[in-house]
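The primary structure of each chain is shown beneath.
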Amino acid sequence: MEWRDQGIILAVRPHGESAAIVEVFTPAKGRHAGVVRGGTSRRMAPVLQPGAQVDVAWKARLEDQLGNFQIEPLRSRAALALSDRLALAGLSAVTTLLSYALPEREPHGALYARTEALLDLLGQMELWPLAYLHWELALLEDLGFGLDLTSCAVTGATDGLVYISPRTGRAVTQAGAGGWADRLLPLPPVLLRQGEGADEEVAQGLRVTGHFLNEMLAPELGRKPLPEARQRFVDRFTARLARGAAD
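Just so you know, these numbers come straight off a predicted model, no measurement behind them.

What counts as what
- Residues numbered from 1 in each chain as written.
- Predicted model: local features only at pLDDT ≥ 70, side-chain atom pairs only at ≥ 80, totals over all residues.
- Heavy atoms only, no water.
- Helix = DSSP H or I, 4+ residues; strand = E, 2+ residues; numbered from the N terminus.
- Rg over C-alpha atoms; globule rule 2.2 N^0.38 Å.
- Buried < 20%, exposed > 50% of the residue type's maximum accessible area, 1.4 Å probe, protein only.
- Contact = heavy atoms within 4.5 Å.
- Areas by Shrake-Rupley, 256 points an atom, 1.4 Å probe, with all protein chains shown as cover.
- Lys, Arg positive; Asp, Glu negative; His and termini not counted.
- Charge placed at Lys NZ, Arg CZ, Asp CG, Glu CD.
- Phe/Tyr/Trp six-rings, centres within 6.5 Å; stacked < 30°, edge-to-face > 60°.
- Core = buried A, V, L, I, M, F, W, Y, C linked by side-chain atoms within 4.5 Å.
- Salt bridge = Lys/Arg side-chain N within 4 Å of Asp/Glu carboxyl O.

> Account for the overall build of the protein, naming residues and giving values.
A count of helices and strands for the protein gives seven helices and eight strands. The globule rule puts the C-alpha radius of gyration for 247 residues at 18 Å, and the 20 Å found for the protein is close to it. In the protein, which comprises 247 residues, the share counted as buried stands at 47%. A sequence separation of at least 24 residues applies to 56% of the contacts in the protein between residues at least 6 apart. Total accessible area on the protein stands at roughly 12,500 Å², and carbon and sulfur atoms take up 50% of it. In the protein, which carries 26 positive and 29 negative side-chain charges, the distance between the mean positions of the two groups comes to 6 Å.

> An account of the packing of aromatic side chains is needed here, citing residue identities and associated values.
Under the defined criterion, the tally for this structure stands at eight aromatic pairs. For the pair Trp-3 and Phe-69, a centre-to-centre distance of 6.2 Å together with 75° between the ring planes defines the contact as edge-to-face. Here Trp-3, found in strand 1 (residues 2–15), pairs with Phe-69, found in strand 5 (residues 68–75); they are 66 residues apart in sequence, far enough to count as distant. In this structure, Trp-3 and Phe-69 share a single accessibility class: buried. Arranged with centres 6.4 Å apart and planes meeting at 15°, the rings of Phe-233 and Phe-237 form a pair that is stacked. Remark: Phe-237 and Phe-233 occur in helix 7 (residues 228–246); sequence separation between them is four residues, near one turn of the helix. With respect to burial, Phe-233 and Phe-237 carry one shared label: buried. Three or more aromatic residues joined by ring pairs make a cluster, and in this case those are Trp-128, Tyr-132, Trp-135, Phe-233 and Phe-237.

> Can you tell me about the nonpolar core, naming the residues and giving the values?
Soluble, globular proteins show a tendency: their nonpolar side chains are buried together. Of all hydrophobic cores here, the largest spans 59 residues; its most connected members are Leu-98, Tyr-132, Trp-135, Leu-191 and Phe-233. Those elements giving two or more residues to this core turn out to be strand 1, helix 2 (85–101), helix 3 (109–119), helix 4 (128–142), strand 6 (161–164), strand 7 (171–173), helix 6 (199–220) and helix 7. Broken down by element, this core gets its largest block of residues, ten residues, from helix 2. Not counting the four nearest positions on each side in its chain, Phe-233 is found in contact with Leu-86, Ala-89, Gly-90, Ala-93, Trp-128, Pro-129, Tyr-132 and Leu-206.

> Describe in detail the environment of Leu-91, supporting the description with residues and values.
By secondary structure assignment, the location of Leu-91 is in helix 2. Residue Leu-91 is classed as buried on the basis of its relative accessible area of 6%. For the pair Leu-91 and Leu-217, spaced 126 residues apart in sequence, the C-alpha to C-alpha distance is 20 Å. In this view, Leu-91 contacts Pro-50, Gly-51, Ala-81, Leu-119, Leu-122 and Trp-128; residues no more than four positions away in its chain are not counted.

> Give me the pattern of salt bridges: which residues, what numbers.
Within this structure, the stated rule accounts for ten salt bridges. As a salt-bridge pair, Arg-230 and Glu-136 come within 2.9 Å of each other at their nearest N and O atoms. Remark: Glu-136 occurs in helix 4 and Arg-230 occurs in helix 7; sequence separation between them is 94 residues. One salt bridge in this structure joins Asp-148 and Arg-170, with 3.6 Å as the shortest N-O distance. With Asp-148 in the loop between helix 4 and strand 6 and Arg-170 in the loop between strand 6 and strand 7, this residue pair connects regions lying 22 residues apart in the sequence. A single salt-bridge network, built from bridges that share partners, covers Arg-75, Arg-77, Glu-116 and Asp-120.

Take a look at the structure:
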């Protein structure tokens, strides 16, 4: 049994004396693990970094075995991430969320394309948080927990959407909210792809996606807590926002 594809490294952990178990995300094979012989060597360790774009060949005697990877580097993103603490936190948030959320060996081609495009934006940190927010929306959508922000869940109106139901993920107008407004989540225009995507709205949007990652996705995964890397990125982004406001 064998296949070859290009992919993004999600996680690496030591295996035995010198090997490593590597998780990659590819368009055709989804999240897939394999053993890299000599993966902790001085030659391979710099290649096997989360976020790196690689050419990967997998081979095993039987389809359900862990199997072995042969990995060749295509594009490293380490330099871009290491030059900026927010970029490094963002890269870690993306790779750990994918490793946490994706089922094994199930293709997610559209999400893969969005992930590759997002990681290629690293280094453009004025644009990146907004792109990351829309990526989290795409992650929820791809895994079956997409938000419905097209019309009011109560009135059916398509204009004046200002809230989101924390239970259903559907949009609500001021009139539709009535006396329940204080129990709803605010709907920043950035989630509707309206306005300029100011950082304050992106921070609001991340609180919304964080709620649904915790309350919809996590229960389906046995209530495993979200990776801490996601919160570290949010914390660093909001800290940058606070510094900007102080200036």
